[in-house]
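Summary of the model geometry
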Amino acid sequence: MELNKEKITLIADCEVTDKSKTAGGAVVRTSKFCADISECDFEGSCFVQTNLCATFKCSDMSGDYFEEVDLSGAGFERSDVSGAEFNEVNLSGAAIIDSDMSGIEISGCKLDGMTIDGFNVRELIEFYKKNHKENFDMKKNVRKAVIAGNWKMNKTRPEAKALLEELKGKVSDPGCEVIACVPFTNLETAIEATKGTPIKVGAQNCHFEKSGAFTGEISADMLVEMGVEYVVLGHSERRQYFGETDETVNKRTRAALAAGLKPIVCVGELLWERECNITEEVIARQIKLDFYAVSAEELKKCIIAYEPVWAIGTGKTATADQAEEVCAFIRATLAKLYGADAAEAVTIQYGGSMNAGNAEELLSKVNVDGGLIGGASLKAADFNTIIEAATKG
Ligand code: PGA
C-alpha cells in the first residue's frame, strides 16, 4: 500500500481512548494509548513509528497500515483486522483472539511468541508448512520440481537398461519431473526403456554447430532426432577437464534452445572463490555470460543447476542455507536481467553430493526447485528417495 500523504491527518501525542475514531487518517508517534481500548474506529488508518502496546477490543482496524510499529505484547480481541498490512512491525508476544484476519499482509515483521487464538504462530507456520505444502509457497509451486540424474561416464547399455528398469518399478506417478541424463551411447537404450513412463531422457552435452568437422562431438539436432528432451550444459567437469568456457556454454545453450532441447545449465564457484568471498560475482558472471542473447521466453525453457564445484563428487554438500542463498541470488540476478516473472518461472536445482539423506532438507528451501544428482542417481533406491523428497519439498 502506498501512503497517501494528502489524506493523512497527523495526530501526535494524543490520547486514544474508548470509541476513538481515526478512520482514514494516521496516528503518528501517539504515545498515550490506554491499556484496553474498546470499540474504536481506526478503519483505513496508518500507524507509523508508533508504540501500540495496548489491547484493542471490538475495534475496527480493517485495511490499516502499520509500519515500524511496536505491537509487541499488544492484543486484538474480537476486532476486525481484515486487509491490514504490517510492514516491519514487532509483533512478538502479540495475541490475536477471535478477530478477523482475512487478507492480512505481513512483511519483515518479528513474530516470535505471537499467538492467534492461543496458537503459537511459529508452530502454526511449521504445522501448515508440513501439512499444506501445496499452498504454503505459491511461488515455489508455480515452478516444477525437477530431479535429474547425471550418470556421467557410467553404465554400459545392459547396465543402463537394468538401472532404468529398476527405477521404473519405483517411479510410477512422481510429483516432480524426473530425468535421466545418460552417456551418449545409452541414449537409445534409455529412450526405449522409459517409453510410456514419466522418466525423461537427457544427454550430457551437445555441440553448438549443426554439423561439420568436429570430431567426437554430437549436435543438438542429432539429439532431438533421437527423442532426447534435455541436455546438461556447462557442467564443471566439462569446464575443468575439457576446456569449456562461458562463451562455449553460451553457444551450446543457444544451439540447444534453437533445436528444441531444454538445457540444464550448470553454474557454480570453486572452493577458493568461495573462500575469497566472491561466490556472488562468479555466479552473476556465469549467468550473464551463459545466457547472453537468450530471450526471456527461451530462459523459461531452461533449468539452472547451482553446483558448487567443491561439493561435486566430494561428499561435501552445501548446507541447505548455503544452497538457498545462492539459488535465491541466481533468481535475483535473473530478475534484474529478465524481470520478476521470468525469474520466478525458472527451475533452479542444487547439485553436489545430494543424496537420500540430505535431499529433503535441501529441497525444502524456497529457491531450491530440484536437484542434479551424480553418484546417488546410480542407485535406483537412493534416486527414488530423492524424487520422493522433491515431491514433499
Ligand atoms: P554428485 O554430482 O552428486 O556425485 O556430487 C553432481 C553433479 O556433478 O551433477
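Now for a look at the structure at hand. (Residues numbered from 1 in each chain as written. Predicted model: local features only at pLDDT ≥ 70, side-chain atom pairs only at ≥ 80, totals over all residues. Heavy atoms only, no water.)

1. Quick notes on the side chain of Ser59
Turning to its location among the elements, Ser59 is positioned in the loop between β6 (55-57) and β7 (65-67). Using a relative accessible area of 3% as the deciding quantity, one classes Ser59 as buried. At 2.9 Å, the side chain of Ser59 forms a polar contact with the backbone oxygen of Lys57. Discounting residues that sit within four places of it in the chain, Ser59 has contacts with Ile37, Ser38, Glu39, Cys40, Arg78, Ser79 and Asp80. (Helix = DSSP H or I, 4+ residues; strand = E, 2+ residues; numbered from the N terminus. Buried < 20%, exposed > 50% of the residue type's maximum accessible area, 1.4 Å probe, protein only. Polar contact = N/O pair within 3.5 Å; in protein donor to acceptor, adjacent residues only side chain to side chain. Contact = heavy atoms within 4.5 Å.)

2. Re the environment of Ser20
For Ser20, the location among the structural elements is in the loop between β1 (15-16) and β2 (26-28). Between the alpha carbons of Ser20 and Asp41 there is a distance of 6.3 Å; along the sequence they are 21 residues apart. Not counting the four nearest positions on each side in its chain, Ser20 is found in contact with Cys40, Asp41 and Phe42.

3. Brief notes about the site of the ligand
By nearness alone, 13 residues border the ligand, and Lys152, His235, Glu307, Gly313 and Ser353 come closest of all. At 2.7 Å from an oxygen atom of the ligand is found a main-chain nitrogen or oxygen belonging to Gly313. A total of 280 Å² of accessible area belongs to the ligand in isolation, and the protein chains cover 95% of it. For the shell around the ligand, the class distribution of residues is four nonpolar, seven polar and two charged. (Near = heavy atom within 4 Å. Areas by Shrake-Rupley, 256 points an atom, 1.4 Å probe, with all protein chains shown as cover. Nonpolar A, V, L, I, M, F, W, Y, C, P; charged D, E, K, R; others polar.)

4. Describing the pattern of salt bridges
Applying the stated criterion to the full structure yields 19 salt bridges. In this structure, the salt-bridge partner of Asp369 is Arg143, at a minimum N-O distance of 2.9 Å. Of the two residues, Asp369 sits in the loop between α14 (359-363) and β21 (370-373) while Arg143 sits in the loop between α3 (138-141) and β14 (146-150), which places them 226 residues apart along the sequence. There is no split in this pair, since Asp369 and Arg143 are both buried. Within the structure, one salt-bridge network assembled from shared partners comprises Arg143, Arg331, Glu344 and Asp369. (Salt bridge = Lys/Arg side-chain N within 4 Å of Asp/Glu carboxyl O.)

5. Notes on the sheet that holds strand β16 (residues 199-203)
On the basis of which strands lie adjacent, the closed barrel formed by eight strands has the order β14-β15-β16-β17-β18-β19-β20-β21 and parallel pairing. Between one strand and the next, the sheet's axes are offset by a mean angle of 25°, whatever the strand orientation. Its contacts with the sheet put helix α8 (residues 246-259) on β17 (230-233) and β18 (262-267), and the angle it makes with β18 is roughly 160°. (Pairing = 2+ DSSP bridges. Axes fitted to C-alpha atoms, helices over the stretch in contact; angles between N-to-C directions.)

6. As for helix α4 (residues 157-170)
The end-to-end C-alpha distance of α4, which contains 14 residues, comes to 20 Å, matching closely the 20 Å that a straight helix rising 1.5 Å per residue would cover. Here α4 has its buried residues at Ala160, Leu163, Leu164 and Leu167. Viewed along the axis of α4, the buried residues span an arc of 95°, placing them on a single side of the element. For α4, the exposed residues lying more than 90 degrees away from the buried face are Pro158 and Gly169. (Expected span 1.5 Å × (residues − 1). Arc of directions from axis to C-beta.)

7. Examining the sheet that holds strand β10 (residues 95-97)
With mixed pairing, six strands are arranged side by side in an open sheet as β4-β6-β8-β10-β12-β13. Because the sheet does not close on itself, it has two edges, and the strands there are β4 (36-38) and β13 (119-120). As paired strands, β10 and strand β12 (residues 115-116) are joined by two bridges and run parallel to one another. Pairing of Ala95 across the sheet is with Thr115, part of β12.

8. Topic: the packing of α4 against helix α5 (residues 187-194)
For the pair α4 and α5, the least separation of the axes is 9 Å and the interaxial angle reads 25°. By the criterion of interaxial angle, the relationship of α4 to α5 is roughly parallel. Our pair here, α4 against α5, has a crossing hand that is right-handed. Together, Arg157, Lys161, Leu164, Glu165 and Lys168 of α4 and Thr189, Ala190, Ala193 and Thr194 of α5 make up the contact between the two elements. When grouped by side-chain class, the residues that make up the contact of α4 with α5 number three nonpolar, two polar and four charged. (Parallel < 35°, antiparallel > 145°, perpendicular 65-115°, else oblique. Left-handed = near helix turned anticlockwise from the far one by under 90°.)

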